[in-house]
Amino acid sequence: QVQLGESGGGLEQPGGSLRLSCTASGTIFSITDMRWYRQAPGKQRELVAQISSIGSTHYADAVKGRFTISRDNAKNPVYLQINNLKPEDTAVYYCNDWIRTRVNGPPYSYWGQGTQVTVSS
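Everything numeric in this text was worked out from a predicted model, so none of it was measured.

1. Brief notes about the overall build of the protein chain
Next up, step 1: If you tally the helices and strands in the protein chain, you get zero helices and eleven strands.
Next up, step 2: Listing every helix and strand of the protein chain by position from the N terminus yields β-β-β-β-β-β-β-β-β-β-β.
Next up, step 3: Relative to the globule expectation of 14 Å for 121 residues, the C-alpha radius of gyration of the protein chain, 14 Å, shows essentially globular dimensions.
Next up, step 4: Taking the principal axes of the C-alpha coordinates as reference, the protein chain spans close to 50 × 25 × 20 Å.
Next up, step 5: When burial is assessed residue by residue, the protein chain has 42% of its 121 residues classed as buried.
Next up, step 6: Once local pairs closer than 6 in sequence are excluded, the contacts in the protein chain between residues at least 24 apart make up 57%.
Next up, step 7: Summed over its atoms, the accessible surface of the protein chain is roughly 6400 Å², and 46% of this surface lies on carbon and sulfur atoms.
Next up, step 8: Charge separation in the protein chain, taken as the distance between the mean sites of 12 positive and 9 negative side-chain charges, equals 7 Å.

If you want it as structure tokens, here you go:
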């Protein structure tokens, strides 16, 4: 019914930038909350950024000042602008959207398949 597609990952040098995108398709009334997670090899999945339906944002300490999450409205794609990449940013990045599929319906959690970000010189 709802599917999330992610793009924008790849190989980048330290200090470089990437912009990740997450687009939800299917039966969507609204997207109430959007989050980006990442999971590095051998590490636990980590919440790195989130944005509410009204634009309130939160970031993990490790990415503050370098990552920016954004959205235009509840149905627009969510983006993660990553600046000043560091090797420790290497991970699979996952989009997580809380989506209402009908008016007055409850939101449910949906996940993207993940996009690989590799930072190496």
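Picking up where we left off.
2. Things to note about the environment of Leu11
Next up, step 1: Looking at where Leu11 falls in the secondary structure, it is placed in strand S2 (residues 10–12).
Next up, step 2: Separated by 107 residues in the primary sequence, Leu11 and Thr118 place their C-alpha atoms 4.7 Å from one another.
Next up, step 3: Once you skip the residues sitting within four places of it in the chain, Leu11 turns out to touch Thr118 and Ser120.

3. Regarding the sheet that holds strand S1 (residues 2–7)
Next up, step 1: Reading across from one edge, S1-S3-S8-S7 is the order of the four strands in this open sheet, with antiparallel pairing throughout. Two strands lie at the open edges of the sheet, namely S1 and strand S7 (67–70), each paired on one side alone. For this sheet, the mean angle separating the axes of adjacent strands, direction not counted, is 15 degrees.
Next up, step 2: As judged from the six bridges shared by S1 and strand S3 (residues 18–26), these two strands associate in the antiparallel manner. By the bridge assignment for S3, Gln3 is matched with Ser25.

4. What about the nonpolar core?
Next up, step 1: Counting residues in hydrophobic clusters, the biggest one holds 29 residues, and the most contacted among them are Leu4, Trp36, Val78, Leu80, Tyr93 and Ile99.
Next up, step 2: Discounting residues that sit within four places of it in the chain, Leu4 has contacts with Cys22, Thr23, Ala24, Cys95, Asp97, Ile99, Tyr110, Trp111, Gly112 and Gln113.

5. Notes on the pairing of S7
Next up, step 1: Side chains Phe67 and Ile69 project from S7 onto a buried face, and the interleaved Thr68 and Ser70 project onto a face without burial.
Next up, step 2: In this structure, S7 lies alongside strand S8 (residues 78–82), joined through four bridges in antiparallel fashion. Bridge pairing in S8 links Thr68 to Gln81.

6. Details of the side chain of Asp33
Next up, step 1: Along the chain, Asp33 falls in strand S4 (residues 30–39).
Next up, step 2: A distance of 2.8 Å separates the side chain of Asp33 from the side chain of Arg35, its partner in a polar contact.
Next up, step 3: Contact partners of Asp33, with chain neighbours within four places excluded, come to Gln50, Ile51, Ser52, Arg71, Asn96, Asp97 and Trp98.

So, how was this worked out
- Within each chain, residue numbers correspond to sequence positions counted from 1 in written order.
- Local features in this predicted model are restricted to residues of pLDDT 70 or higher, and side-chain atom pairs are both shown and tallied only at a pLDDT of 80 or more, whereas totals for entire chains, interfaces and linings draw on every residue.
- Hydrogens and water molecules were not included; the side-chain quantities draw on all heavy atoms of the structure.
- A run of H or I in DSSP becomes a helix once it reaches four residues, and a run of E becomes a strand once it reaches two; helices and strands are each numbered from the N terminus.
- Two things to know: the radius of gyration comes from C-alpha atoms, and the globule rule equals 2.2 Å times the number of residues to the power 0.38.
- For every residue, the accessible area obtained with a 1.4 Å probe (protein chains only) is divided by the maximum for its type, and the residue is called buried under 20%, exposed over 50%, and partly exposed between those limits.
- The contact criterion used throughout is that any non-hydrogen atoms of two residues lie within 4.5 Å.
- Residue exposure ignores everything except the shown protein chains as possible cover, and the areas themselves are Shrake-Rupley values with a 1.4 Å probe.
- His residues and chain termini do not enter the charge count, which takes Lys and Arg as positive and Asp and Glu as negative.
- The atoms used to mark charge sites are NZ of Lys, CZ of Arg, CG of Asp and CD of Glu.
- Pairing between strands requires that DSSP locate at least two bridges from one strand to the other.
- Think of each axis as a best-fit line through the C-alpha atoms, taken over the contacting stretch in the case of a helix, with angles from 0 to 180 degrees between the N-to-C directions.
- Each nonpolar core is a collection of buried residues, namely Ala, Val, Leu, Ile, Met, Phe, Trp, Tyr and Cys, held together in the definition by side-chain atoms within 4.5 Å.
- Counting of polar contacts relies on pairs of N or O atoms within 3.5 Å, with two restrictions inside protein: one atom must be capable of donating a hydrogen and the other of accepting it, and residues adjacent in sequence are counted only when both atoms are side-chain atoms.

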